[in-house]
Amino acid sequence: MAVSAQRLLEELQIFGQDCEEELIEKLLELCVYYGQKEEDMVDELIAFCTSTHKANITSETLNSFEHEFLSKRLSKARHSASKDSGHAGARDIVSIQELIEVEEEEETLLNSYTTPSKGSQKRAVITPESSLTKRRVSARSPHQLLSPSSFSPSATPSQKYNSRNNRGEVVTSFGSAQGMSWSGRGGAGNISLKVVGCPESLTGSYKSMFQKLPDIREVLTCRIEELGSELKEHYKIEAFTPVLAPAQEPVILLGQIGCDSNGKLNSKSVILEGDREHSSGAQIPVDLSELKEYSLFPGQVVIMEGINTTGRKLVATKLYEGVPLPFLQPTEEDRDFEQSMVLVACGPYTTSDSITYEPLLDLIAIINRDRPDVCVLSCLLTSPFEDVFKQCLRTIIEGTRSSGSHLVFVPSLRDVHHEPVYPQPPFSYSELPQEDKKRVHFLSEPCSFSINGVIFGLTSTDLLFHMGAEEISSSSGTSDRFSRILKHILTQRSYYPLYPPQEDMAIDYENFYAYAQLPVTPDVFIIPSELRYFVKDILGCVCVNPGRLTKGQVGGTFGRLYLRRQTAEGEGRRSPCVAAQVVRI
């Protein structure tokens, strides 16, 4: 549609408005973009200025006019059209950009009611010198929208990563790490690496998305009954009481913690869902006011003692602590193994502003330098391209061949190219060279495996973050949240005890029951997380969060451990993990 600048000037002069050439260009652009005639555009603009009490037309006025009137009207028109047609249909690039702009406007409006946080992104200030017309034209250009530079990381090395000056810095230590050489023997050592299942491990893909609600309920019920039976025997409890049975004396109930609504769990919304045998799955609200110390999360199987005089509310007075599984007793062959070094790293393996995979190459250089006996690599790649994944895999395998280190690859739900279901089957890599088959191992997520008889448990899912967001606690003294969550994982005997799970978790509960339970309490538990790195001894299990190898545009951390069987003093057990460190890449 042909639009004349002269005609716009004439229409504006009717209302006594004289505009600069830049504003006329802007109006021309709006007429073309929104399909308006000159007189209609000017009439609507003058009406907008009158309603908003703006005497003169400025660049800010035009910007407000577009966002508060033109774009919203167009959005409503498209929305009503999509309703009339019965489906939205295919949108063109311009309409998609309009939707993005409307969403940004709504987000900005919501942010204006909140306290600005550190590092929050602010809308750019528009001034007469900021070339508004050029900015708007470039923003709507389809070539700009679809150009690789608009959404892809750069192929050039990351400047922030290369400029780091803390590489090799030890950020946390555990055990007798002082004086350690932190070097292994690579392929020269005698390494026995076996997968530990319960009763067997996940080795291949399976059909998912076919589960029914009764099947999920059956799995949860079995967990309640199995854990309840173990706790009943441990604490010498005679019998459990149904949750809805009124009693004037203290009663002991078995059940699973839940929330009485769809919101997050809090001290006033706790319910106890009873087991099938004693309570037929009935629920009862729980009053925690009499408990001095507690730590609860949805899905936790617990034994509670309390008063239930009416059968409608339990006033809890005691919470029985969970009991972990026993450790695997080493065989005579395992007792005599030589000390070994294990390196643990969790992706992403490149920075967010680059696809050169420099951190991965630096990690390969560290492996070749230190020659660890085993390297455990979790959450390999978030790229959606399987060819890129295979290239990274090939780079790691060929790049570490000279070191002879055993490689253990564990997938993650963040791997876009892999199956997004939990438990997750191992990677398949048919191009693996024959010479590397003995030292390269592909395991499932989660997994349990042994290195010379030392049991490792590993999950690449950020369970610390998931459970930390749902757990509630009360303590009379200082309490460490990480330690509480790790203790829950070990005593609940599951790699993912949270129920309902996080929204982005697709759990197949039949396979979850078969492959995501702890077979024994591991000697070492590796649990990578976005949260702060640590090494902790929890109930005799050394728990390690090695952090991520990269965090945004900067380098992250990895972990390393020394394993050596120690002679037990008396009847006590000594951990085979004698030292551990978390180091910056």
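The rules behind the values
Residues numbered from 1 in each chain as written. Predicted model: local features only at pLDDT ≥ 70, side-chain atom pairs only at ≥ 80, totals over all residues. Heavy atoms only, no water. UniProt positions renumbered as here; feature names shortened; annotations may be inferred. Helix = DSSP H or I, 4+ residues; strand = E, 2+ residues; numbered from the N terminus. Buried < 20%, exposed > 50% of the residue type's maximum accessible area, 1.4 Å probe, protein only. Contact = heavy atoms within 4.5 Å. Areas by Shrake-Rupley, 256 points an atom, 1.4 Å probe, with all protein chains shown as cover. Pairing = 2+ DSSP bridges. Axes fitted to C-alpha atoms, helices over the stretch in contact; angles between N-to-C directions. Phe/Tyr/Trp six-rings, centres within 6.5 Å; stacked < 30°, edge-to-face > 60°. Lys NZ or Arg CZ within 6 Å of the ring centre and 35° of its normal.

For the protein, an unreviewed UniProt entry supplies the name DNA polymerase alpha subunit B and the organism Equus caballus. The record held by UniProt for the protein lists under Sequence similarities (unreviewed entry) the comment "Belongs to the DNA polymerase alpha subunit B family." Turning to the protein, the UniProt annotation filed under Subcellular location (unreviewed entry) states: "Nucleus".

A few points about the overall build of the protein
A tally of regular secondary structure across the protein gives 16 helices and 22 strands. The buried share among the 585 residues of the protein stands at 48%. Here the contacts in the protein between residues at least 6 apart in sequence split such that 72% fall between residues at least 24 apart. Here the protein displays about 29700 Å² of accessible surface, and carbon together with sulfur accounts for 51% of that area.

Some points on the sheet that holds strand 22 (residues 577–584)
The seven strands are arranged 1-22-21-9-10-11-12 in an open sheet whose pairing can be described as mixed. Each edge of the sheet is formed by a strand with only one pairing partner; in this case those strands are strand 1 (170–175) and strand 12 (440–442). When strand polarity is set aside, the average angle formed by the axes of neighbouring strands in this sheet is 15°. Contacting strand 9 (340–346), strand 10 (374–378) and strand 21 (557–563), helix 12 (residues 358–370) runs over the sheet at an angle of about 180° to strand 9. Against the sheet, helix 13 (residues 386–399) touches strand 10, strand 11 (406–410) and strand 12, its axis set at about 160° to strand 11.

Points about the sheet that holds strand 18 (residues 541–545)
Pairing is mixed across the open sheet formed by six strands, whose spatial order is 2-13-14-16-18-17. The sheet is open, and its two borders are formed by strand 2 (193–196) and strand 17 (534–538), each paired with just one other strand. The mean angle between the axes of side-by-side strands here comes to 25°, regardless of whether they run parallel or antiparallel. Where strand 14 (residues 454–458) lies against strand 16 (residues 524–526), three bridges are found, and the strand directions are parallel. The partner of Leu458 across the bridge, within strand 16, is Ile526. The strands that helix 15 (residues 481–492) touches are strand 16, strand 17 and strand 18; relative to strand 17, the one it contacts most, it runs at about 55°.

Comments concerning the packing of aromatic side chains
Overall, the coordinates contain 14 aromatic pairs when judged by the stated rule. Relative to Phe65, the ring of Phe48 has its centre 5.5 Å away and its plane inclined at 55°; by these criteria the two rings are tilted. A residue pair is termed long-range when its members are at least 10 positions apart, and Phe48 in helix 3 (residues 38–51) and Phe65 in helix 4 (residues 59–85) qualify at 17 residues. You can call Phe65 buried: its relative accessible area is 0%. A connected cluster of aromatic rings, assembled from ring pairs, spans Phe48, Phe65 and Phe69. Taking the ring centre of Phe534 as reference, the NZ or CZ of Lys536 above it sits at 5.8 Å.

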